[in-house]
Amino acid sequence: SRQPRSGRLAAMLAVEHWRAGHADAARREADRALALDPTSESAWFVAVDATADAGSEVDFQKLLLRLRAEVLSSPGLVIAVSDHVAGLVHDPESRPARGLLSLLGSLTDRQLPPVDRHLTEARLAAAIQDWPTALTAIDKARRKDARSLKVMRLRADVLGWAGRHADSVEAYTEYLQRAPD
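Small disclaimer: the values here were computed from a predicted structure and weren't measured.

Participant: Requested: an account of the overall build of the chain, with residues and values cited.
Facilitator: The helix and strand tally for the chain stands at 10 helices and zero strands. Sequence-ordered secondary structure for the chain, helices as α and strands as β, is α-α-α-α-α-α-α-α-α-α. With the C-alpha coordinates of the chain rotated into their principal frame, the extents come out at 60 × 35 × 30 Å. Evaluated residue by residue, the chain yields a buried proportion of 44% over its 181 residues. Restricting to contacts in the chain with at least 6 residues of sequence separation, those with at least 24 account for 58%. With an accessible surface of roughly 9,700 Å², the chain has 51% of that area assigned to carbon and sulfur atoms.

Participant: Residues and numbers for the packing of helix α3 (residues 41–54) against helix α5 (residues 75–88), please.
Facilitator: The angle between the axes and the distance between the axes are what describe a pair of packed helices. Contact geometry of α3 with α5 gives a least axis separation of 10 Å together with a crossing angle of 50°. Judged by the angle between their axes, α3 and α5 are oblique. For the element pair α3 and α5, the recorded crossing hand is right-handed. Along the contact surface, α3 presents E41, W44, F45, V48 and D49, while α5 presents L77, A80, V81, H84, V85 and L88. For the contact of α3 with α5, the class distribution of residues is eight nonpolar, one polar and two charged.

Participant: Which residues make up unusual backbone geometry, and what values do they have?
Facilitator: The backbone phi angle of Q129 is positive, close to 60°, even though this residue is not glycine. Here Q129 lies in the loop between α7 (114–127) and α8 (131–144). The class of Q129 is partly exposed, set by a relative accessible area of 46%.

Participant: Describe the side chain of H118, listing the residues and the values that go with them.
Facilitator: With respect to the helices, strands and loops of the structure, H118 is situated in helix α7. Residue class for H118 comes out buried when judged on its relative accessible area of 5%. Sequence-distant contacts of H118, that is, excluding residues within four places in its chain, are made with D109, A137, K140 and A141.

So, how was this worked out
Residues numbered from 1 in each chain as written. Predicted model: local features only at pLDDT ≥ 70, side-chain atom pairs only at ≥ 80, totals over all residues. Heavy atoms only, no water. Helix = DSSP H or I, 4+ residues; strand = E, 2+ residues; numbered from the N terminus. Buried < 20%, exposed > 50% of the residue type's maximum accessible area, 1.4 Å probe, protein only. Contact = heavy atoms within 4.5 Å. Areas by Shrake-Rupley, 256 points an atom, 1.4 Å probe, with all protein chains shown as cover. Axes fitted to C-alpha atoms, helices over the stretch in contact; angles between N-to-C directions. Parallel < 35°, antiparallel > 145°, perpendicular 65-115°, else oblique. Left-handed = near helix turned anticlockwise from the far one by under 90°. Nonpolar A, V, L, I, M, F, W, Y, C, P; charged D, E, K, R; others polar.

The following block contains the structure:
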């Protein structure tokens, strides 16, 4: 067979298929890359994107279960994939964002660092303009670490995106008092 036997090379091939607009080939190659290296972020990015684009709901749920299985051995992977999706989607009905929100919500503080998990939930919810969910996730992160600059900044951002400008200005003021540079 002339296919790469390296997870890294298979992931690179999956990315190239995705860039060329070949969603089915990208999914197949990403699946092969993940079989060779289940912690490959780039393979996961393509797998999620291509499955959301060309796969069925069942395919997507199976992919999320596969990602969930990696949480214990590679907890940052779920955060990375979720942040990838949060940076790309803007559709309130986004299947990847909603699926990943559900996955993150099913995890415990022992499985993922709670502040990172809640901030990622907030970014995903904000990407699909689900402001109550985003702000609830930020409140959870604030309860875990009230002095975190990342939490303070994201709270100010989300309040602004949600149209709560007076609250956003107040939150930015609080943030800038702690981090003036």
